[in-house]
Amino acid sequence: MKKLLTLTLCFIMALSMTACGSSSGTPSTTESENPSADISNTEDMENTDKDSTESADTEADAKEDASSMEEEITDLTGTWWDTDSQRCYILAEQDGDTLYVTVSWSSSASENTTWSMTAKEDSNGIFQYSDGSKTTIITTENSADASVEYEDGTGNFQYHDGSLWWNDDKEGIRNGCSFQRGDDDQEDDYGEEEDDYGEEEEDNLISLPSLTCSNGPEEGDILENHHSSDGSHSYIAMQADGSGKVFNISMVNTPESDDQEIEEFLEFAAGYVADGDVKNYTVTQNKTYSKNLSYPVYIVSWTSGSNEDTTSWYMYSVITDTNSCYYGLSFPEYETEAEKKATEYFDNVTLN
């Protein structure tokens, strides 16, 4: 019996050794028999999971930032001012993937050029157009003539880093110049724009004193309506009856302007609204107006043109501590009571 048990045990041990041996006779080491391998594998798996989690979080954050950025620039509706010249601006209205654009460039008080187009957004987020039209408007004292130069302009608009860029294939107009969102409270001959400014931006807008006439002439077509970031503005319009112009201008004082003589300084302003054609120029300080405003007020008069095209100009001018303000009108040669009418308007001018 003992021999049988011994043989049985020997047989079982032989089977066990065979099962644990490799084909070459070298013992096989399993993961459960190598604790250090278990720890290393576990750490690798944990590190891999951690890296995957961090990568996923980073990717999610990037997508969230991109989504946030996209939300900020989705709507390009508003007024965009040329940061280079400050005399060109874009009026944009976005409807989905369609952008309706009017670009306006005022080369002088009597000449204004506009470009109009409808752009479609492509897969890269660029608004492409192929129907651009260019119109130039020349104004005189009695009329405004518009001429269409072309209607087949091509190009695109792109938004990048807070700026809108216009790439014009036809003439290269303003290529390389950026436009930044401006004051949408401005009104011009394209209508009243909605205010896209937030409360913070509104608080940062500069407000300068300006002149107001309570009984000014009825106004017609607006020829220029320009606002600068420093608070300066220039507004020029035709009188409703087409007989002349009315203007309201405010300019920030500079060290150069402070050093100029009053007559020279005011003649520069006269030349701006009359396109440099200034004749029979006179300047007179009005003591009554100066007393009412507590600032020196000067009445400036001059003529431009010749013969039947002669135009008479009258300008109410006041120079404050921060800026100079001008309100004035022009009258055609046939208006025999131009000075009287101008005085009636000036009697109702106030500084706000």
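Residues numbered from 1 in each chain as written. Predicted model: local features only at pLDDT ≥ 70, side-chain atom pairs only at ≥ 80, totals over all residues. Heavy atoms only, no water.

J.: Could you give an account of the overall build of the protein chain, naming the residues involved and the relevant values?
T.: Of the regular secondary structure elements, the protein chain holds seven helices and 19 strands. For the protein chain, the residues scored as buried account for 37% of the 352 residues in total. When contacts within the protein chain are restricted to residue pairs at least 6 apart in sequence, long-range pairs at least 24 apart make up 47% of them. As presented, the protein chain carries roughly 20,500 Å² of accessible surface, and 48% of it is formed by carbon and sulfur atoms. (Helix = DSSP H or I, 4+ residues; strand = E, 2+ residues; numbered from the N terminus. Buried < 20%, exposed > 50% of the residue type's maximum accessible area, 1.4 Å probe, protein only. Contact = heavy atoms within 4.5 Å. Areas by Shrake-Rupley, 256 points an atom, 1.4 Å probe, with all protein chains shown as cover.)

J.: Residue-level account of the nonpolar core, with values.
T.: Formed by 22 residues in total, the largest nonpolar core has its most connected members in Leu-211, Tyr-316, Tyr-327, Leu-329, Phe-331, Phe-346 and Val-349. Residues within four places of Phe-346 in sequence aside, it is in contact with Tyr-289, Ile-299, Tyr-314, Met-315, Tyr-316, Tyr-327, Gly-328 and Leu-329. (Core = buried A, V, L, I, M, F, W, Y, C linked by side-chain atoms within 4.5 Å.)

J.: Could you give me a rundown of the packing of aromatic side chains, with the residues and numbers involved?
T.: Enumeration according to the criterion identifies ten aromatic pairs in this entry. On the numbers, 5.6 Å between centres and 65° between planes, the contact of Tyr-316 with Phe-346 is edge-to-face. Here Tyr-316, found in strand S17 (residues 311-319), pairs with Phe-346, found in helix H7 (residues 338-346); they are 30 residues apart in sequence, far enough to count as distant. Across this residue pair, the class does not change: Tyr-316 and Phe-346 are buried. Taken together through their ring pairs, the aromatic side chains of Trp-115, Tyr-129, Phe-157 and Trp-166 make up a single cluster. Geometry around Tyr-150 places Lys-170 over its ring, the cationic atom sitting 5.1 Å from the centre. (Phe/Tyr/Trp six-rings, centres within 6.5 Å; stacked < 30°, edge-to-face > 60°. Lys NZ or Arg CZ within 6 Å of the ring centre and 35° of its normal.)

J.: Go over the sheet that holds strand S16 (residues 297-304) with me, naming the residues and quoting the values.
T.: Taken together, seven strands build an open sheet; the order of strands is S12-S13-S14-S18-S17-S16-S15 and the sheet is antiparallel. Looking along the sheet, the strands with just one partner apiece sit at the ends: strand S12 (219-227) and strand S15 (279-285). Direction aside, neighbouring strands of the sheet carry axes that sit 15° apart on average. As defined by bridge partners, S16 adjoins S17 across eight bridges and the pair is classed as antiparallel. Each residue of the ladder has a partner; that of Ser-304, found in S17, is Thr-311. Strand contacts of helix H5 (residues 262-273): S12, strand S13 (233-239), strand S14 (245-252), S15, S16, S17 and strand S18 (323-332), with the helix running at about 130° to S17, the strand carrying the most contacts. (Pairing = 2+ DSSP bridges. Axes fitted to C-alpha atoms, helices over the stretch in contact; angles between N-to-C directions.)

J.: Talk me through the side chain of Gln-94; I want residue IDs and the actual numbers.
T.: Structurally, Gln-94 can be placed in strand S2 (residues 88-95). One polar contact links the side chain of Gln-94 to the main-chain carbonyl oxygen of Gly-96, over a distance of 2.9 Å. (Polar contact = N/O pair within 3.5 Å; in protein donor to acceptor, adjacent residues only side chain to side chain.)

J.: I'd like to hear about unusual backbone geometry, residue by residue, with values.
T.: Unlike most non-glycine residues, Asp-161 shows phi in positive territory, near 50°. Relative to the assigned elements, Asp-161 resides in the loop between strand S6 (144-160) and strand S7 (163-168). Overall, Asp-161 belongs to the exposed group, its relative accessible area being 66%.

J.: Lay out the pattern of salt bridges with the relevant residues and their values.
T.: The final tally for this structure, using the stated rule, is six salt bridges. Note that Lys-279 is salt-bridged to Asp-277, the shortest N-O span being 2.7 Å. Judged by its relative accessible area of 36%, Lys-279 is partly exposed. Members of the salt-bridge network, linked through shared partners, are Lys-134, Glu-149 and Glu-171. (Salt bridge = Lys/Arg side-chain N within 4 Å of Asp/Glu carboxyl O.)

J.: I'd like to hear about H7, residue by residue, with values.
T.: Along H7, the residues that are buried comprise Ala-338, Ala-342, Tyr-345 and Phe-346. On an axial view of H7, the arc spanned by its buried residues comes to 95°, and they lie on one face. On its buried face, H7 sits against strand S11 (211-213), helix H6 (287-293), S16, S17, S18 and strand S19 (349-351). (Arc of directions from axis to C-beta.)

J.: Describe the environment of Lys-120, naming the residues involved and giving the relevant values.
T.: Mapping Lys-120 onto the fold places it in strand S4 (residues 111-121). Judged by relative accessible area, which is 46%, Lys-120 ranks as partly exposed. In this view, Lys-120 contacts Asp-97, Thr-98, Ile-126, Phe-127 and Gln-128; residues no more than four positions away in its chain are not counted. At a separation of 2.7 Å, a polar atom in the side chain of Lys-120 contacts the side chain of Thr-98.

J.: Hey, could you go over the confidence of the model for the protein chain for me, with residue numbers and the actual values?
T.: Of all residues in the protein chain, 65% attain a pLDDT of 70 or more, and the chain-wide mean is 75. Predicted confidence for residues 65-72 stays below pLDDT 50, and this span has zero contacts to residues more than four positions away or in other chains. Low confidence marks residues 184-205, where pLDDT is under 50. Its contacts with residues over four positions away, or in another chain, come to 38 contacts. (pLDDT = per-residue confidence, 0-100.)

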